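# Coordinate analysis (summary)
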Amino acid sequence: MDQQSPSAVSPHRVFAREDWARLRADTPLTLDEADVERLKSLNDPIVLDEVVQIYLPISRLLSLYVAAIQNLYAATRTFLGDEDGVMPFIIGVAGSVAVGKSTTARLLRALLRRWPNTPKVDLMATDGFLLPNAVLKREGLMERKGFPESYDRPALLAFLNDVKSGKQRVTAPVYSHLTYDIVPGETIVVERPDILIIEGLNVLQTSRLPKDGNAVPFVSDFFDFSVYIDADEEVIRAWYLERFLKLRQTAFVNPDSYFHRYASISEAEATTFAAGLWERINLVNLRENILPTRPRADLILRKGANHRIEEVALRRI
C-alpha cells in the first residue's frame, strides 16, 4: 500500500527541508549535542542539525500560536470576569509505532521549556490510558493493543477536560513498557502547565457521530495544535524490526520484561516474531486508524529512510 504525499490528501502547504529551515529566523538554539543524545529514543538517530533545520522553526511557530491563543483566552476571561482562569495550550503528537513520536515530543518539550519566559511544559503519553492487560485479555483485545478500543477513552477525555479547565492537580495512570502493562496504584500528576504535549498513536482519531445529535468529544477537541509524524509503511516496518532486535539485546534481557523470553531466541526467530506483530497488529492499526487521521494534523513531518525529515506540511487554514 503506497502512501501519498501530505499535499495530495489535505489542505497543507508543503515545504522542502531547506525552505522550512529558513523559517527559523532568529530563534536561538538552546540545545546542544548532549541534550539531543539524551532526548532521542532507541533507534532514532537524530542529530543537532535536525533540531536546527526542523525543530527551531517549529518552536518559533508554536511561540506565535501560544501567544495568539493566550491572548484569545485572556479576552474571554475578561469578558467573563474570571480573574483566575488558566487555559493550558495542548499539543498533540500522533503517528505510527516506531516512527519517532517520543523523540519529537521530548525535543519540543525541551525547546519550549527554554523560551525566555520559561513556561511550564509537561509531556504525557496516552499509554497510561491503555486498559490493563487483565481487562484486554478478558475482552479478547490483547491482539488489538494500541487500537482505539484498547484505551480507557472516558478516563483520557476526563483527564484532558480537567487539564484544559485549569484544575490544580490532575492525575493519570502510569504505563510500564518493561512489564507491558499499567502499573497498579501508580499515578503521574499534572499541575496547571502552560503547555501540555500529548503523544500517542490515535490521538487525532474521530468516531462516528451519534444519530441523536448529542455532542461526542474527541481527544483532538482539546488540542490547540497537532503534529503527525509520517513515513512510508516499508520504512516504518524496517525501523520497527530494528528496534525490536535492539530491545532484544537491552530491555528484554531484564527478567521482569514482558518480552524476556525473546531475549534468548535466535535473531532469525526474533525477526520472524517481530514481523508477525507488525503485520497482524501495527500495520493494521496504521492503515485502519492512524494514517487516516494524518490530514487532520496542523503540521506533518515526513521522514525518509534515514530518519531525516525531508518534507514539512503546514495546514493553511
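This section reports on the structure supplied with the text. Quantities reported herein were computed from a predicted structural model and do not represent experimental measurements.

With 24 residues, helix H9 (residues 267-290) extends just 29 Å between its outermost C-alpha atoms, more than 12% less than the 34 Å of an ideal straight helix rising 1.5 Å per residue. At Trp278, H9 is deflected by roughly 40°, the largest bend along its length.

What follows concerns the sheet that holds strand E9 (residues 309-315). The 7 strands lie next to each other as E1-E9-E8-E7-E2-E6-E3, forming an open sheet whose pairing is mixed. Each of the sheet's edge strands pairs with one partner strand only, and the pair in question is strand E1 (12-16) and strand E3 (121-125). Strand-to-strand, the axes of this sheet are offset by a mean angle of 20°, without reference to chain direction. Strand direction decides the pairing type here: strand E8 (residues 299-303) and E9, joined by 5 bridges, are antiparallel. When the bridges of E9 are listed, Ile300 appears paired with Ala313.

Helix length check: helix H5 (residues 101-113) (13 residues) gives 18 Å between terminal C-alpha atoms against 18 Å at 1.5 Å per residue, within 8%. Considered for burial, the residues of H5 that qualify are Lys101, Thr103, Thr104, Ala105, Leu107, Leu108, Ala110, Leu111 and Leu112.

This next bit is on the pairing of strand E7 (residues 225-230). Along any regular strand, the residues point their side chains to alternate faces of the sheet. Judged by how many residues are buried, E7 sits mostly within the fold: 6 of 6 residues are covered. Pairing between strand E2 (residues 89-95) and E7: 5 bridges, direction parallel. Paired with Ile91 across the two strands is Phe225, which belongs to E7. Relative to E8, E7 runs parallel, the two sharing 4 bridges.

Let us look at the nonpolar core. Tyr55, Phe159 and Leu301 are the most contacted members of the largest nonpolar core, which has 91 residues in total. Counting residues per element, this core draws most heavily on helix H4 (residues 48-80), at 11 residues. If near-sequence neighbours (up to four positions away) are discounted, Leu301 is found in contact with Ile54, Tyr55, Ile58, Thr104, Val227, Tyr228, Ile229, Asp230, Ile309, Glu311 and Val312.

Next up on the list: the layout of surface pockets. Volume-wise, the second largest pocket comes out at about 230 Å³. Lining the second largest pocket are 12 residues, with Pro148, Arg153, Asn202, Gln205 and Val219 sitting closest to its centre.

Turning our attention to the environment of Glu242. Relative to the elements of secondary structure, Glu242 occurs in helix H8 (residues 233-248). By relative accessible area, Glu242 is classed as partly exposed at 37%.

What follows deals with the pairing of strand E6 (residues 195-199). Burial analysis of E6 places 5 of its 5 residues in the buried class, the great majority of the element. Here E6 shows a buried face lined by Ile195, Ile197 and Glu199 and a second buried face lined by Leu196 and Ile198. Here 5 bridges tie E2 to E6, and the two strands are oriented parallel to one another. Within E6, the position partnered with Gly92 by the bridge is Ile198. Where E3 meets E6, 5 bridges bridge the pair, whose relative direction is parallel. By the bridge assignment, Asp122 is partnered in E6 with Leu196.

All told, the structure shown has 19 salt bridges when counted by the stated rule. Its salt-bridge partner being Glu50, residue Arg17 comes within 2.6 Å of it at the nearest N-O pair. Taken as a pair, Arg17 in helix H2 (residues 17-21) and Glu50 in helix H4 lie far apart in primary sequence, 33 residues in all. Asp224 is the partner of Lys164 in a salt bridge, and the nearest nitrogen-oxygen pair spans 2.4 Å.

Another aspect to go through is the packing of aromatic side chains. A full pass over the atoms with the stated rule returns 14 aromatic pairs. Judged by centre distance (5.5 Å) and plane angle (50°), the ring pair of Phe129 and Phe159 falls under tilted. In this pair, Phe129 sits in the loop between E3 and helix H6 (133-138) while Phe159 sits in helix H7 (residues 153-164), placing the two residues 30 residues apart along the sequence. Accessibility classification places Phe129 together with Phe159 in one group, the buried group. Seen in terms of ring centroids, Phe244 and Phe252 are 5.1 Å apart; in terms of plane orientation they differ by 70°. Their pairing is edge-to-face.

Before going further, it helps to examine unusual backbone geometry. A positive phi angle is found at Ala98, which is not glycine, with a value near 70°. Tracing the sequence through the fold places Ala98 in the loop between E2 and H5. Phi angles above zero are rare outside glycine, and His307 is one such case at about 80°. Looking at where His307 falls in the secondary structure, it is placed in the loop between E8 and E9. Since its relative accessible area comes to 11%, His307 is described here as buried.

Examined against the element boundaries, Ala134 turns out to sit in helix H6. You can call Ala134 exposed: its relative accessible area is 53%. A C-alpha to C-alpha distance of 43 Å links Ala134 and Trp115, two positions 19 residues apart in sequence.

About the criteria used
Residue positions are counted from 1 within each chain, in the order its sequence is given. Totals for whole chains, interfaces and linings use all residues, but because this is a predicted model, local features are given only for residues with pLDDT of at least 70 and pairs of side-chain atoms are given and counted only at 80 or more. Note: side-chain values were computed over all heavy atoms of the structure, leaving out hydrogens and water. Secondary structure elements are defined from DSSP: runs of H or I of at least 4 residues count as helices, runs of E of at least 2 residues count as strands, and each element is numbered from the N terminus. Here the expected span of a helix is defined as 1.5 Å times the quantity of residues minus one. Take the seven residues that end at a residue and the seven that start at it, fit an axis to each, and the angle between those axes is the bend at that residue. Strand pairing is defined by DSSP finding a minimum of two bridges between the two strands. The axes are straight lines fitted to the C-alpha atoms, using for helices just the contacting stretch, and the angles between their N-to-C directions are given from 0 to 180°. Relative accessibility decides the category of a residue: with a 1.4 Å probe and only protein chains considered, values under 20% of the type maximum give buried, values over 50% give exposed, and everything between is partly exposed. What makes a nonpolar core is a set of buried Ala, Val, Leu, Ile, Met, Phe, Trp, Tyr and Cys residues whose side-chain atoms join them at distances within 4.5 Å. Contacts are assigned to residue pairs that have any heavy atoms within 4.5 Å of one another. Grid points spaced at 1 Å and placed over the protein atoms alone form the basis of the search, with a cavity being a set where a 1.4 Å probe fits but cannot get out and a pocket an open set showing protein on both sides within 12 Å along at least five of seven lines. Lining residues have an atom within 4 Å of a point. Grid points are joined across faces, edges and corners, and a volume is the space filled by probe spheres set on the points. A side-chain nitrogen of Lys or Arg and a carboxyl oxygen of Asp or Glu constitute a salt bridge if their distance falls within 4 Å. Note on aromatic contacts: the rings of Phe and Tyr and the six-membered ring of Trp form a pair at centre separations within 6.5 Å, being stacked when their planes are under 30 degrees apart, edge-to-face when over 60 apart, and tilted otherwise.

In short, shape yes, function no, at least from these values alone.
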